[in-house]
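# Residue-level structural notes
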Amino acid sequence: MIVVDSSVWIDHLNGRLTAAVAILHRLLTDSQEIIAIGDIILYEVLSGLRSDRAVADVRFLLGSLTPAQMLG
């Protein structure tokens, strides 16, 4: 199981191509690895969005990932 940091998700959503985003792309398309989304990571990503539509789109994208409780 891999947990991807919010900074990588933010770069991915903003179309930035970094080494970490390239690895994320590979994990999302080619890997059998389970990708988890931590509750705090989801909060951080969603809190930076500016429209309800963007929130809905990102929730849909990240909603397919395995949830992980990080804050208890």
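Keep in mind that what you see is a predicted model, and the values were worked out from it rather than measured.

## Comments concerning the pairing of strand β2 (residues 35-38)
Side chains Ile35 and Ile37 project from β2 onto one buried face, and the interleaved Ala36 and Gly38 project onto a second face that is buried too. Note: strand β1 (residues 2-3) against β2, two bridges, orientation parallel. What sits directly across from Ile2, in β2, is Ile35. Strand direction decides the pairing type here: β2 and strand β3 (residues 66-68), joined by three bridges, are parallel. Considered in β3, the bridge of Ala36 is made with Thr66.

## A look at a nonpolar patch on the surface
A contiguous nonpolar surface patch, about 280 Å² in accessible area, is contributed by Val3, Met70 and Leu71. Mapping Met70 onto the fold places it in the segment after β3. Met70 gets classed as partly exposed once you look at its relative accessible area, which sits at 44%.

## Some words on the pattern of salt bridges
Across all of its chains, the model carries two salt bridges by this definition. Here Arg16 ties to Asp11 by a salt bridge, and the two come within 2.8 Å at their closest N and O atoms. For Arg16, a relative accessible area of 44% puts it in the partly exposed group. Residue Asp57 pairs with Arg53 through a salt bridge whose shortest N-O separation is 3.2 Å. Residue Asp57 and its partner Arg53 are both found in helix α4 (residues 52-63); the two are separated by four residues, about one turn of the helix.

Calculation notes
- Here the residue index of a chain counts from 1 through its sequence in written order.
- Local features in a predicted model are, by the rule used here, given only for residues with pLDDT of at least 70; side-chain atom pairs are given and counted only at 80 or more, and totals for whole chains, interfaces and linings are based on all residues.
- Hydrogens and water are ignored here; the side-chain numbers use all heavy atoms of the structure.
- Each residue is assigned to one of three classes by its accessible area relative to the maximum for its type, calculated with a 1.4 Å probe on protein chains only: buried under 20%, partly exposed between the two thresholds, exposed over 50%.
- To qualify as a helix, a DSSP run of H or I must reach at least 4 residues; to qualify as a strand, a run of E must reach at least 2; elements of each kind are numbered from the N terminus.
- Each pair of strands is called paired provided DSSP finds at least two bridges between the two strands.
- Each patch is built from salt-bridge-free residues with over 30% relative accessible area, joining like charges within 9 Å and nonpolar side chains (Val, Leu, Ile, Met, Phe, Trp, Tyr) within 5 Å.
- Using a 1.4 Å probe, accessible areas were evaluated by the Shrake-Rupley method; residue-level cover was limited to the displayed protein chains.
- What makes a salt bridge here is a side-chain nitrogen of Lys or Arg within 4 Å of a carboxyl oxygen of Asp or Glu, nothing more.

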